[in-house]
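# Structural features, examined
If you want the building blocks of each chain, they are given just below.
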Amino acid sequence: MGLLSDPNRRRALINLLTRLNAPICVVCYMAGVAWFMGLAFEPFTLRTYMSENAMGSTMVEERFPSGERAVATGREFAAHKKKVSGMPVEWLVKTMQARGLEVYTQRFSRTLPFPDENKERYMVKGTNVYGILRAPRAPRTEALVLSAPCTPGDNNNQAVGLLLGLAQYFRNQIYWAKDIIFLVNDHDLIGMQAWLEGYHHTNTTGMDWSPLQGRGGSIQAALSLELSSDVVTSMDLVLEGLNGQLPNLDLANLFYAFCQKIGVLCTIQGKLQRNDWDSVSGYSHAVQTMMLMVMKQASGRPWGDHGLFLRYHIEAATIKGINSFRQYKTDATTIGRLLEGMYRKLNNLLERLHQSYFFYLMPSLSHFVSIGYYMPAFGLLAVILLLRALDLWVQLATPPPTTEDGIADIEQVRHAHSSSPGVLSVLTPLVISHLTGAALYMLPIRFQEMAVEHFPVSETEAVVLTAIAVYTAGLALPHNTHRLLSGEGTEQGWRVLKLVALLYLAVLLGCTALINFSLGFILALTLVPAAAFVTPHVPKVLSAFVLVILSPACTLLFSVFFFQELQEMPVSFLDGWLLYLSVISQGILDHFLYGSLVYPLIALLVYPCWLLFWNILFWK
Amino acid sequence: MSGLPGFLIDDRLHFPSCPSQGGQRFLVEMAAPLTLLLVLAVTIRAALFRSSLAELIAERVEVVSPITAWKRVVEGLALLDLGVSPYSGDVFHETPLIIYLFHFVVDYAEITFMLDIKTTLTFTDLSLMLFQFRKQKFALEADRYPLDCLELIRSPKEMYYIPLKVAMFYLLNPFTILSCVAKSTCGLNNAVVALFIFSTIKGNTLLSAIFLCLATYQSIYPLTLCAPAMLYLMQRQYIPVNFRRASFWWFIAQYLFMYLGSLFVLICLSFFLLGSWDYMPSVYGFILSVPDLTPNIGLFWYFFAEMFEHFRLFFLCVFQINVFFYTIPLSVKLKEHPVFLIFMQLAVISIFKSYPTVGDIALYMAFLPVWSHLYRFLRNTFLVSCVLLACSTLFPVLWHLWIYAGSANSNFYYAITLLFNVAQILLVSDYFYAFLRREHHLTYGLYLKRKDGSEATLVLK
């Protein structure tokens with residue numbers, strides 16, 4: 001408490017912080033970035049370990065024998081799928097019933113706010129089919145889910161085949177203590193959303209679906225299977241869910257443990273694990289893996305069908321079979337045994353997975369970085385905002401030179417400080433930039449019809465281009481407005497506005513980083529320097545250029561290129577731009593279809609906050 | 001003394017002048033901004049009442065406590081209509097008078113909750129009085145202060161806007177708006193407390209005792225406001241605080257008689273309304289023994305959820321005594337300044353009470369503009385406002401992570417609760433320190449010199 005009560009020491013500290021403000025900020029920024037890059041360095045990470053006692057050892061005997069038959073079923077499914085050119089509901093119902101499951105279907109329909117050009121869908125109608133294997137040994141209060149999406153084309157038939165094969169095999173075992181639900185969902189995430197909403201009696205996105213006729217207990221865990229070839233070289237684990245939520249780390253541990261036991265190659269982000277962490281290439285491999293996870297998490301979209309389960313407090317992951325040119329192949333029987341082992345372990349659970357971490361990053365499947373290790377990287381960036389705010393505060397609060405004739409002087413100063421013009425000059429830009437943000441959120445969807453009528457563009461293009469237009473128009477708007485109300489902007493005025501904007505940004509980024517670390521960190525990486533250097537007295541043209549480069553939209557553009565680079569699929573600028581446009585439309589769709597929060601966050605909060613700094617730059 | 005503006009001397013001549021004179025002048029000149037403010041405040045509230053947010057806000061644990069939740073009052077009303085005791089079923093914990101009040105006005109519930117407005121008006125009037133009173137006091141004592149302290153003393157021009165600022169602080173405080181939109185009965189409690197302070201400052205002993213008793217009846221804790229009320233009334237009636245004087249004891253006896261008498265009447269009235277003593281354990285037992293450990297912004301829930309059962313009673317006593325205990329040292333230290341004492345007490349209650357909500361915080365925060373003359377001595381404004389701001393936004397975020405996403409746990413939420421309360425304590429102690437320091441400067445001069453002539457600084461250790 002010495003610091004809080006001793007004025008001399010306080011003054012010394014504050015002097016130090018204000019005098020060395022800029023160097024400290026630079027050091028903090030570099031330290032933050034360095035810390036983040038250091039996270040992928042293996043000696044700094046922790047080895048994964050199983051925390052859940054009920055899943056402690058991998059001592060179960062996997063006996064799943066019928067991989068060949070599963071592949072054959074998959075072919076049959078493919079033939080029926082082709083015949084009805086869609087989900088072969090009747091065949092699926094019949095086959096599941098033949099395997100002794102309680103089978104139900106659910107119809108759903110959804111009209112997208114605008115056509116999805118990536119997946120070529122607008123008015124979506126479909127049917128989910130699911131069969132419940134009732135637990136013979138327990139009171140059926142809990143359930144596990146195994147799902148496989150029915151995708152158009154030749155994809156994923158083997159996954160459905162394996163699902164049916166596992167259903168048949170599981171039916172004959174007696175040790176199940178939880179209901180197991182085998183779900184084949186139509187139209188991937190939309191179908192999954194309909195099914196989950198139906199299962200939990202909620203309707204958050206205004207979709208039409210028929211109520212579920214049959215239900216198991218409360219779902220404890222779920223796996224989604226994606227398999228498009230008869231043999232695979234490796235299995236890939238996908239964890240990133242809606243809004244960057246991750247399942248409990250124990251689920252990843254479980255997958256890793258069984259892959260090790262059965263001898264299946266396993267990857268995360270499509271990257272194998274390497275042992276040469278002390279070499280440059282090994283380190284850059286780990287960085288690449290971690291950065292891929294960060295980018296995917298920051299996007300806030302579900303990267304597999306499991307992504308929507310997480311919202312309902314259900315631990316879920318997607319397991320993807322990858323077939324590359326490697327020699328070593330794994331057949332369907334082995335994958336079946338892998339899944340059998342995992343389900344038997346999950347079947348042993350006494351309570352929901354909660355022992356292990358929920359906040360983590362994975363530079364490889366066997367190592368992870370927990371929240372305590374990665375938060376300081378963000379903290380170092382966020383503290384810059386607070387330091388700048390402190391600096392401004394000190395400048396604003398420096399006591400005026402006191403003269404002998406007390407009262408009059410004070411009154412003058414007080415008058416200069418007097419709150420009403422100050423409040424207005426802060427409030428006006430705040431309100432206006434938020435209105436611009438609200439326009440960015442509302443207009444693209446509202447105006448698509450009008451745009452399509454008047455311009456030669458498709459609906460999707462109309463939405464994206466309107467968004468970009470509003471975004472750019474916003475740049476022209478706010479810096480002219482405060483003059484309408486308060487005349488000349490004062491020196492005090494921009495300081496107060498900047499103080500408010502800095503604190504606003506700090507709180508905003510802090511909250512974002514808590515919910516979705518990656519998003520918060522990436523935004524902080526670009527917004528913090530912008531926020532730190534802006535004053536009305538820096539060279540206008542250059543700073544305006546830098547500020548635009550550091551704006552959220554450009555961050556997204558860079559992220560798109562960077563992501564392609566990380567995936568080792570670099571694109572030309574034109575392709576990158578098209579990709580950028582489709583990413584924006586996907587982001588908007590994700591919001592309206594599944595309730596992803598990234599688009600509203602950027603439009604309603606981050607962008608207005610950035611506009612405030614733009615406003616300060618053009619303060620007159 | 002020639003530097004003294006003329007009006008101060010004027011006031012001195014007219015002392016004791018009628019406060020309402022200034023009040024009328026104020027009301028005439030401030031009518032426009034005040035009306036504007038009221039219209040704005042009512043618009044915000046009405047808009048929020050109609051929006052879908054209202055339902056969400058009414059569920060927030062930060063805004064409603066098990067005592068003040070409107071949902072529970074509705075449940076109690078339903079039970080009452082069915083002819084069952086509203087206290088059966090352990091849902092309803094408000095006092096009987098409240099439920100009978102809502103029994104008659106339930107159709108106008110929204111309007112009732114606009115009571116905020118009434119509270120504010122009271123506050124405005126109140127701060128107006130305060131400023132009159134302080135002016136007079138200043139005029140009386142001006143001779144005694146050293147010359148260089150003049151800049152410490154608020155010129156009436158600054159004080160002029162204080163009532164408006166108080167109104168603004170209360171009406172536009174997001175905390176007040178939230179608790180009003182959630183229809184938390186906390187608004188009623190605040191109104192009663194405001195009326196109590198108002199009548200005390202007006203010098204009406206009887207009304208003061210009655211409103212204090214109403215406030216106590218509602219939530220026990222305002223009991224500690226007894227001390228500042230008596231101190232203030234005695235100051236007003238020129239009764240010295242001296243244990244040897246008969247007049248002192250006589251006044252205390254009078255006040256306590258009125259207070260306890262009306263408390264007795266209220267309790268009996270509640271008994272006759274309900275026909276049973278059910279409400280005693282259900283209201284006061286509920287407040288004192290803290291059986292409901294739903295998370296809130298207070299300190300109790302986590303602590304008592306973690307505790308071994310056999311320590312519970314002991315720590316319950318410790319925690320509850322904590323709320324009341326500060327009355328004694330604070331009254332001793334601030335016996336010359338009962339209004340500041342009221343502020344301190346309100347803050348202490350809202351920090352340490354068993355089921356605090358943001359509405360309670362809004363009550364004492366409304367007083368902050370009254371102490372605007374302390375700003376120059378405040379040391380942690382930046383820190384405190386940053387922490388309060390950050391915590392207020394982190395509450396819903398961590399709640400979401402804990403309850404909905406399931407990825408964080410109660411420790412995260414409680415950490416923020418702790419931080420929030422530490423910030424509040426820091427705020428209050430900062431004001432306390434600033435007040436004492438100002439008093440010190442008023443007596444010893446603003447620019448302190450050491451014995452050797454160098455400039456000295458005050459250090460709080």
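Residues numbered from 1 in each chain as written. Chains lettered and ligands numbered in written order. Predicted model: local features only at pLDDT ≥ 70, side-chain atom pairs only at ≥ 80, totals over all residues. Heavy atoms only, no water.

### Notes on the overall build of chain A
Put simply, the test is: Secondary structure elements follow DSSP: runs of H or I no shorter than four residues count as helices, runs of E no shorter than two count as strands, and numbering proceeds from the N terminus. Note on method: radius of gyration uses C-alpha positions; expected globular size equals 2.2 Å times residues raised to 0.38. For every residue, the accessible area (1.4 Å probe, protein chains only) is compared with the maximum for its type, and the residue is labelled buried under 20%, exposed over 50%, or partly exposed between those bounds. It only takes one pair of heavy atoms within 4.5 Å for two residues to be counted as in contact. Here, Shrake-Rupley sampling with a 1.4 Å probe gives the accessible areas, and only protein chains in the shown set may cover a residue. For the purpose of counting charges, residues Lys and Arg are taken to be positive, whereas Asp and Glu are taken to be negative. His and the chain ends are not included. Note that the charge is assigned to NZ on lysines, CZ on arginines, CG on aspartates and CD on glutamates.
A tally of regular secondary structure across chain A gives 22 helices and 12 strands. In terms of C-alpha radius of gyration, chain A reaches 28 Å, essentially the compact-globule figure of 25 Å for 620 residues. Over its C-alpha atoms, taken along the principal directions, chain A stretches across nearly 100 × 60 × 50 Å. Per-residue burial for chain A yields a buried fraction of 57% across its 620 residues. A separation of at least 24 residues holds for 81% of the contacts in chain A among residues at least 6 apart in sequence. By element, 62% of the accessible surface of chain A is carried by carbon and sulfur atoms, the whole surface being about 25,900 Å². Across chain A, the centroid of the 45 positively charged side chains sits 4 Å from that of the 46 negatively charged ones.

### Examining the nonpolar core
Taken as a class, soluble globular proteins show a tendency for nonpolar side chains to be buried jointly. So the rule is basically this: What we call a nonpolar core is a set of buried Ala, Val, Leu, Ile, Met, Phe, Trp, Tyr and Cys residues that are connected through their side-chain atoms within 4.5 Å. Throughout the structure description, domain borders are defined by an automatic or database domain assignment.
If you look at the biggest cluster of nonpolar residues, it comprises 323 residues, and the most contacted ones within it are F36, F182, W195, F255 and M362 of chain A together with Y255 and F340 of chain B. No other element matches the 15 residues that helix α17 (residues 491-515) of chain A contributes to this core. Lining this core are residues from two domains, each supplying at least three of them: domain 1 (2-38 + 374-399 + 421-617) and domain 2 (53-227 + 235-256 + 303-350) of chain A. Filtering out sequence-adjacent residues up to four positions away, F182 of chain A remains in contact with M96, L101, V129, Y130, G131, L133, L146, L163, L166, A167 and F170 of chain A. Counting residues in hydrophobic clusters, the runner-up holds seven residues, among them L37, L164, A167 and L171 of chain B.

### Looking at the pairing of strand β11 (residues 360-364) of chain A
Residue and element names in this part refer to chain A. Note the cut-off: At least two bridges found by DSSP between two strands are what make those strands a pair.
In terms of burial, β11 is largely enclosed, as five of its five residues are buried. One ladder, built from three bridges, connects β11 with strand β12 (residues 367-370); its direction is antiparallel. Paired with Y360 across the strands is S370, a residue of β12. Turn length for the β11-β12 hairpin, with the two strands adjacent in sequence and antiparallel, is two residues.

### Here we look at the domain arrangement of chain A
How big an interface is tends to be stated in terms of accessible area lost as the parts join. Residue and element names in this part refer to chain A. Using the following cut-off: Defined in terms of a 1.4 Å probe, buried area is the accessible area two parts forfeit on being brought together, summed over both. A pair is scored as a salt bridge if a Lys or Arg side-chain nitrogen falls within 4 Å of a carboxyl oxygen belonging to Asp or Glu. Whenever two N or O atoms come within 3.5 Å, that pair is a polar contact, provided that in protein one can donate a hydrogen and the other can accept it, and provided that, for residues adjacent in sequence, both atoms are side-chain atoms.
We note that the domain assignment places domain 1 (2-38 + 374-399 + 421-617) and domain 2 (53-227 + 235-256 + 303-350) within chain A. Here domain 1 and domain 2 have C-alpha centroids that lie 40 Å from each other. Each partner contributes to the interface: domain 1 provides 21 residues, whereas domain 2 provides 19 residues. Roughly 1,700 Å² of surface becomes buried between domain 1 and domain 2 when both sides are summed, with 60% attributable to carbon and sulfur atoms. Contact with domain 2 buries surface across domain 1, with L589, L593 and Y594 losing the most and accounting together for 41% of the total. Our count for the contact surface shared by domain 1 and domain 2 stands at zero salt bridges. The interface formed by domain 1 and domain 2 contains seven residue pairs in polar contact (both at pLDDT 80 or more).

### So, a nonpolar patch on the surface
Residues and elements named next belong to chain A. Where we set the bar: Note that patches include only residues with greater than 30% relative accessible area and no salt bridge, and the join distances are 9 Å for like charges and 5 Å for nonpolar side chains (Val, Leu, Ile, Met, Phe, Trp, Tyr).
Together, V423, L427, V431 and L435 make up an exposed nonpolar region whose accessible area comes to about 360 Å². For V423, the location among the structural elements is in helix α13 (residues 419-446). What makes V423 partly exposed here is its relative accessible area of 47%.

### As for the sheet that holds β11 of chain A
All names here are of chain A. Heads up, the rule is: Think of each axis as a best-fit line through the C-alpha atoms, taken over the contacting stretch in the case of a helix, with angles from 0 to 180 degrees between the N-to-C directions.
Spatially, β1-β12-β11 is the arrangement adopted by the three strands of the open sheet, whose pairing is antiparallel. Only two strands of the sheet have a single partner each, and these edge strands are β1 (46-47) and β11. Most of the contacts of helix α11 (residues 371-397) go to β12, to which it runs at about 55 degrees, and overall it touches β1, β11 and β12.

### A look at the packing of helix α18 (residues 517-533) of chain A against helix α22 (residues 598-617) of chain A
Residues and elements named next belong to chain A. Selection rule: An angle counts as roughly parallel when it lies under 35 degrees, as roughly antiparallel when it exceeds 145, as roughly perpendicular when it falls between 65 and 115, and as oblique in every other case. Should the near helix be turned anticlockwise from the far one by less than a right angle, the crossing is termed left-handed; should it be turned clockwise, right-handed. By the convention adopted, Pro, Cys, Tyr, Trp, Phe, Met, Ile, Leu, Val and Ala count as nonpolar, Lys, Arg, Asp and Glu as charged, and the other residues, Gly among them, as polar.
Where α18 meets α22, the closest approach of the two axes is 11 Å, and the angle between their N-to-C directions is 15 degrees. The angle between the axes of α18 and α22 places the two elements in the roughly parallel class. Judged by the sense of rotation from one axis to the other, the crossing of α18 with α22 is right-handed. Contacts from L519, L523, L527 and A531 in α18 reach V598, L601, I602, V606, W610 and F613 in α22. A breakdown of the residues in the contact of α18 with α22 according to their chemical character gives 10 nonpolar, no polar and no charged.

### Describing the side chain of T333 of chain A
Mapped onto the elements of the fold, T333 of chain A is located in helix α10 (residues 332-347). Those residues in contact with T333 of chain A that lie beyond four places of it in its chain are F64, P65, G67 and E68 of chain A.

### Some points on the side chain of K271 of chain A
Residues and elements named next belong to chain A. Its location among the elements puts K271 in the loop between β9 (266-268) and α9 (280-299). Polar side-chain contacts of K271 include one of 3.4 Å to the side chain of E568. Among all residues touching K271, those that are not within four sequence positions of it are H285, Q288, T289, L292, L566 and E568.

### Regarding unusual backbone geometry
All names here are of chain B. A positive phi angle is found at D90, which is not glycine, with a value near 55 degrees. A positive phi angle is found at V290, which is not glycine, with a value near 50 degrees. Mapped onto the secondary structure, V290 falls in the loop between α15 (279-289) and α16 (300-306).

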